[in-house]
Amino acid sequence: MNPAAAAWFAARTWQNPQWTVQELVAAKAGRTVSVVLPALDEEQTVGDVVRTVRPLLGTLVDEIVVMDSGSTDRTAAVAAGAGARVVRREDVVPDLEPLPGKGEVLWRSLAATSGDLVVFLDADLVEPDPAFVPALLGPLLTEDVHLVKGFYRRPLRLETEDYGTGGGRVTELLARPLLNAVRPELSGLVQPLGGEYAATREFLESVPFAAGYAVEIALLLDAHSMHGLDGIAQVNLGVRKHRNRNLLQLGVMASQILGAVLRRCDLEGPTELTQFVQVGGEWIPDTARFAVADRPAMRSVVRRS
Ligand SMILES: O=c1ccn([C@@H]2O[C@H](COP(=O)(O)OP(=O)(O)O)[C@@H](O)[C@H]2O)c(=O)[nH]1
Ligand SMILES: O=C(O)[C@@H](COP(=O)(O)O)O[C@H]1O[C@H](CO)[C@@H](O)[C@H](O)[C@H]1O
């Protein structure tokens, strides 16, 4: 293991986070906390995720916002019914036409929220754990760090089978080998792509946001560039189950992630990916094109009064 990564892993990894909500409320010391859920057609799961955070509202958490990413199902109604404030992506930074993708709603969430610290949770979590938010906030409230990534065992649930592990396919097949190759100092991150993480607003508003599914890897690379390894921590969240997408969908995700890493290494990245689907007896090319431009640092867009 890269020596810097090994030293960081030893110093900045919490394998068994023990912070109590009471301790963390005291540690806030006047700081505020926003919890943000990006959601595209998550009516099945968003309510349960919001309900695991709701008991913290008014003490550890100051606002729970579901960023609706253009859902066509009942995501907004279910999220509001569970106690979240729902914000449509077109309702913030309205002068800019919303782009598709996760990165867009996470970027816009900064204009929709005010917390000094921001916690991101995916809205497709299955059996979400109420301990996620306190654990993610622990290092942010008690150490001098700017980004805290969750890590976990990731069951892979395909059709009716729960394999108990095997999730994080893009992580294991692309992100981890890629980071080991181009940014070995970050090889100590157990879940570099995980969607459960927390960060200071100061950091989040000072970096560009990559489009689509590249948002997590880009934030990690930028946190490392801006604050060094010492500005990053990771906490063990136990087990994380979510809706697992199929391989073709993950191929497009992987292409977006690869592009963000290449561009942050000053290399050209892809703007499309050609895959193949079988129709009848023939294999037909199917090309997905995706937006690749970063959104600019939010602090250059929205002047806070
Ligand atoms: O265009 C998008 C794509 C995804 N998401 C949300 O981002 C999270 C992670 O997306 P997804 O589950 O597709 O990724 P995976 O976890 O399968 O890698 C989920 O809450 C999605 O609803 C979103 O808000 N807008
Ligand atoms: O980690 C991964 O390999 C992918 C796919 O996970 P699975 O193979 O479906 O468990 O999931 C993550 O990647 C996305 C891109 O960074 C994040 O947006 C998701 O939150 C995260 O689940």
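Throughout this document, residue positions are counted from 1 along each chain, in the order its sequence is written. Here chains are named by letter from A upward and ligands by number from 1 upward, in the order in which they appear as written. Under the rules for a predicted model, residues below a pLDDT of 70 receive no local features and side-chain atom pairs below 80 are neither given nor counted, while totals for whole chains, interfaces and linings still include all residues. Excluding hydrogens and water, the side-chain figures rest on all heavy atoms present in the structure.

A. Broad picture of the pairing of strand 4 (residues 85-88). For two strands to count as paired, DSSP must find a minimum of two bridges between them. Counting from the N terminus, the helices are the DSSP runs of H or I reaching at least four residues and the strands are the DSSP runs of E reaching at least two. Both strand 3 (residues 63-68) and strand 4 contribute to a ladder of 4 bridges, which runs parallel. If you follow Val66 over to strand 4, its bridge partner there is Val86. Handedness is read with the strands pointing away from the viewer; a crossover is right-handed when the path from the first strand over the helix to the second is clockwise. Following the chain from strand 3 across helix 4 (residues 75-81) to the adjacent parallel strand 4, one finds a crossover that is right-handed.

B. Spotlight on the site of ligand 1. Residue proximity to a molecule or strand is established when one non-hydrogen atom of the residue lies within 4 Å of it. Around ligand 1 sit 16 residues, and of these Pro38, Glu42, Tyr213, Arg243 and Arg245 come closest. As used in this structure description, the phrase polar contact means that two N or O atoms lie within 3.5 Å; if the pair is within protein, one of them must be able to donate a hydrogen and the other to accept it, and residues adjacent in sequence are counted only when both atoms belong to side chains. Note that an oxygen atom of ligand 1 is positioned 3.2 Å from one of the backbone N or O atoms of Ala39. Between ligand 1 and His242, the relevant distance is 3.1 Å, taken from an oxygen atom to a side-chain nitrogen or oxygen of the residue. Areas reported here follow the Shrake-Rupley algorithm with a probe of radius 1.4 Å; residue values treat only the protein chains shown as occluding. Relative to its unbound accessible area of 510 Å², ligand 1 is 93% covered by the protein chains.

C. Main features of the site of ligand 2. The full set close to ligand 2 counts 17 residues, and Asp122, Arg154, Arg169, Val170 and Thr171 are the nearest of them. At 3.3 Å, a backbone N or O of Gly195 approaches an oxygen atom of ligand 2. With respect to ligand 2, the side chain of Arg240 contributes an N or O atom lying 2.8 Å from an oxygen atom. Taken by itself ligand 2 offers 500 Å² of open surface, and the protein chains cover 98% of this. Of all the secondary structure elements, the ones that give two or more residues to the shell around ligand 2 are helix 7 (169-182) and helix 10 (247-263). The greatest single-element share of the shell around ligand 2, amounting to 3 residues, is contributed by helix 7. When grouped by side-chain class, the residues that make up the shell around ligand 2 number 5 nonpolar, 6 polar and 6 charged. Following the grouping adopted for this structure description, the nonpolar residues are Ala, Val, Leu, Ile, Met, Phe, Trp, Tyr, Cys and Pro, the charged ones are Asp, Glu, Lys and Arg, and the polar ones are all others, Gly among them.

D. Looking closely at the UniProt feature "domain: Glycosyltransferase 2-like" (unreviewed entry) in the protein chain. The positions that UniProt labels "domain: Glycosyltransferase 2-like" (unreviewed entry) are, in the present scheme, residues 34-153. Counting secondary structure, residues 34-153 comes out at 31% helix and 24% strand; the distance between its end C-alpha atoms is 26 Å. UniProt positions are given in the numbering used here, feature names are shortened, and annotations may be inferred rather than shown by experiment.

E. Quick peek at the sheet that holds strand 2 (residues 33-39). Taken in spatial order, the 8 strands make up an open sheet running 1-11-7-10-5-2-3-4, and their pairing is mixed. Bordering the open sheet on either side are strand 1 (13-14) and strand 4, each of which pairs with just one other strand. Sheet topology places strand 7 (residues 147-153) next to strand 10 (residues 197-200); 3 bridges connect them, and they run antiparallel. Bridge pairing links Leu147 to Ala199 in strand 10. Two residues qualify as a contact provided that any one of their heavy atoms is within 4.5 Å of a heavy atom in the partner residue. Note on geometry: axes are lines fitted to C-alpha atoms, helical ones only across the stretch in contact, with angles between N-to-C directions running from 0 to 180 degrees. Across the sheet, helix 5 (residues 102-112) lies against strand 2, strand 3, strand 4, strand 5 (117-120) and strand 10, angled at about 140 degrees from strand 3, the strand it touches most. Each of strand 7, strand 10 and strand 11 (232-239) touches helix 9 (residues 215-227); the most contacted strand, strand 7, lies at about 130 degrees to it.

F. Here's a closer look at the environment of Glu159. As for its placement among the helices and strands, Glu159 is situated in the loop between strand 8 (155-158) and strand 9 (161-166). Along the primary structure Glu159 and Asn244 are separated by 85 residues, whereas in three dimensions their C-alpha atoms are 9.5 Å apart.

G. Representation of helix 1 (residues 3-12) within the structure. Buried, partly exposed and exposed residues are distinguished by accessible area as a fraction of the type maximum, computed with a 1.4 Å probe on protein chains only: under 20%, between the cut-offs, and over 50%, respectively. Inspection of helix 1 places Ala5, Trp8 and Arg12 among the buried residues, and these make up the whole buried set. Mapping the buried residues of helix 1 onto a view down its axis gives an arc of 65 degrees, with all of them on the same face. Among the exposed residues of helix 1, those pointing more than 90 degrees away from its buried face are Pro3, Ala10 and Ala11. The secondary structure elements touched by the buried residues of helix 1 are strand 1 and strand 11. Put simply, Asn2 is the residue that caps the front of helix 1, since its side-chain oxygen is 2.9 Å from the backbone nitrogen of Ala4. The reported arc concerns the directions from the helix axis to the C-beta atoms and nothing else.

H. Examining unusual backbone geometry more closely. If you check the backbone angles, Ala29 has positive phi at about 50 degrees while not being a glycine. Along the polypeptide, Ala29 turns up in the loop between helix 2 (21-28) and strand 2. With a phi close to 55 degrees, Asp41 is a non-glycine residue in the positive phi region. Relative to the helices and strands, Asp41 resides in the loop between strand 2 and helix 3 (46-53). Residue Asp41 is classed as partly exposed on the basis of its relative accessible area of 33%.

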